[in-house]
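# Structural description and commentary
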Amino acid sequence: MDNRQAIGSWLSGPRAAAEEMGADFGHRGKRLGLPPEGPGSVAPLGRRFGALFVDWGLCLLIAYGLFARGDSQAAGNYALGIFLVLHVLTVGTLGFTPGKRIFGVRLASEHGGRLAFGWAAVRSVLLCLAIPALIWDRDGRGLHDRLARAVQVRM
């Protein structure tokens, strides 16, 4: 084996090495019965992060303007509470937050319907804890989405 090939497989990660050996993982969302592209497919990470930044910025703006009275540290604390309320209310009723709407992403149940309000609340609390959102599966879903039986899809 060539040294460059060994280094390349190490840099590419275990998935690339498994695919080179013939493993077929399919597209993201295949195990959930979602299409590979277009509306209803798993939303790409770029759109999801963009939506998160828009939502967080909106919450910071509200916190700084209405509650913090010039204290930037307090604004961050208030923003987290506003972020939680925003997510519970908008995802639980509409299926998306303002940021998700701008980026064309919505939350759906694993079975394709609307995410129930209770699961939206569980997901929102786990998202505010941050750590569950940083653990992903091969479909690109965070642990907070898996525990809430949700998937973020394109509109």
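Residues numbered from 1 in each chain as written. Predicted model: local features only at pLDDT ≥ 70, side-chain atom pairs only at ≥ 80, totals over all residues. Heavy atoms only, no water.

## Let's talk about the overall build of the protein chain
A count of helical and extended segments in the protein chain gives seven helices and two strands. What you see in the protein chain, going N to C, is helices and strands ordered as α-α-α-α-α-β-α-α-β. (Helix = DSSP H or I, 4+ residues; strand = E, 2+ residues; numbered from the N terminus.)

## Overview of the state of the cysteines
If you walk through the whole model with that rule in mind, you get zero disulfides. Residue C59 stays outside any disulfide, its sulfur separated by 8.7 Å from that of C128, the closest cysteine. Given the relative accessible area of 1%, C59 is considered buried. (Disulfide = S-S within 2.5 Å. Buried < 20%, exposed > 50% of the residue type's maximum accessible area, 1.4 Å probe, protein only.)

## As for the packing of aromatic side chains
With the rule as written, the count across this model stands at three aromatic pairs. When the centroid spacing of 6.4 Å and the interplanar angle of 50 degrees are considered together, the rings of F49 and W136 count as tilted. Linking F49 in helix α3 (residues 45-68) with W136 in the loop between α6 (117-129) and α7 (143-147), this pair joins segments that are 87 residues apart in sequence. On the basis of relative accessible area, W136 is assigned to the partly exposed category, the value being 41%. Its guanidinium or amino end placed over the ring of F96, R101 lies 5.6 Å from that ring's centre, counting from NZ or CZ. (Phe/Tyr/Trp six-rings, centres within 6.5 Å; stacked < 30°, edge-to-face > 60°. Lys NZ or Arg CZ within 6 Å of the ring centre and 35° of its normal.)

## Some words on the nonpolar core
Proteins that are soluble and globular tend to have nonpolar side chains buried together. Core analysis: the biggest nonpolar cluster contains eight residues, these being C59, A63, A79, I82, F83, L86, L127 and A133. Elements with a minimum of two residues in this core: α3 and α4 (72-93). In terms of residue count, α4 provides more of this core than any other element does, four residues in total. Ignoring anything within four residues of it in the chain, the contact list for L86 reads D55, C59, V91 and P98. (Core = buried A, V, L, I, M, F, W, Y, C linked by side-chain atoms within 4.5 Å. Contact = heavy atoms within 4.5 Å.)

## Digging into α3
Along α3, the residues that are buried comprise R48, G50, A51, D55, C59, A63 and A68. Looking at the buried residues of α3, the elements they touch are α4, α5 (98-102), β1 (105-109) and β2 (150-154). Two residues or fewer past α3, R69 is found with a positive phi of approximately 50 degrees.

## Quick look at the pairing of β1
Taking burial as the measure, the five residues of β1 include four buried ones, the bulk of the element. Strand direction decides the pairing type here: β1 and β2, joined by five bridges, are antiparallel. By the bridge assignment for β2, A108 is matched with V151. (Pairing = 2+ DSSP bridges.)

## Re α4
The end-to-end C-alpha distance of α4, which contains 22 residues, comes to 31 Å, matching closely the 32 Å that a straight helix rising 1.5 Å per residue would cover. When α4 is considered as a whole, its buried residues turn out to be A74, A75, A79, I82, F83, L86, H87, V88, T90, V91 and G92. Buried residues along α4 sit against α3, α5, β1 and α6. Regarding α4, its N-cap is D71, as a side-chain oxygen of that residue lies 3.3 Å from the backbone nitrogen of Q73 further along. (Expected span 1.5 Å × (residues − 1). Polar contact = N/O pair within 3.5 Å; in protein donor to acceptor, adjacent residues only side chain to side chain.)

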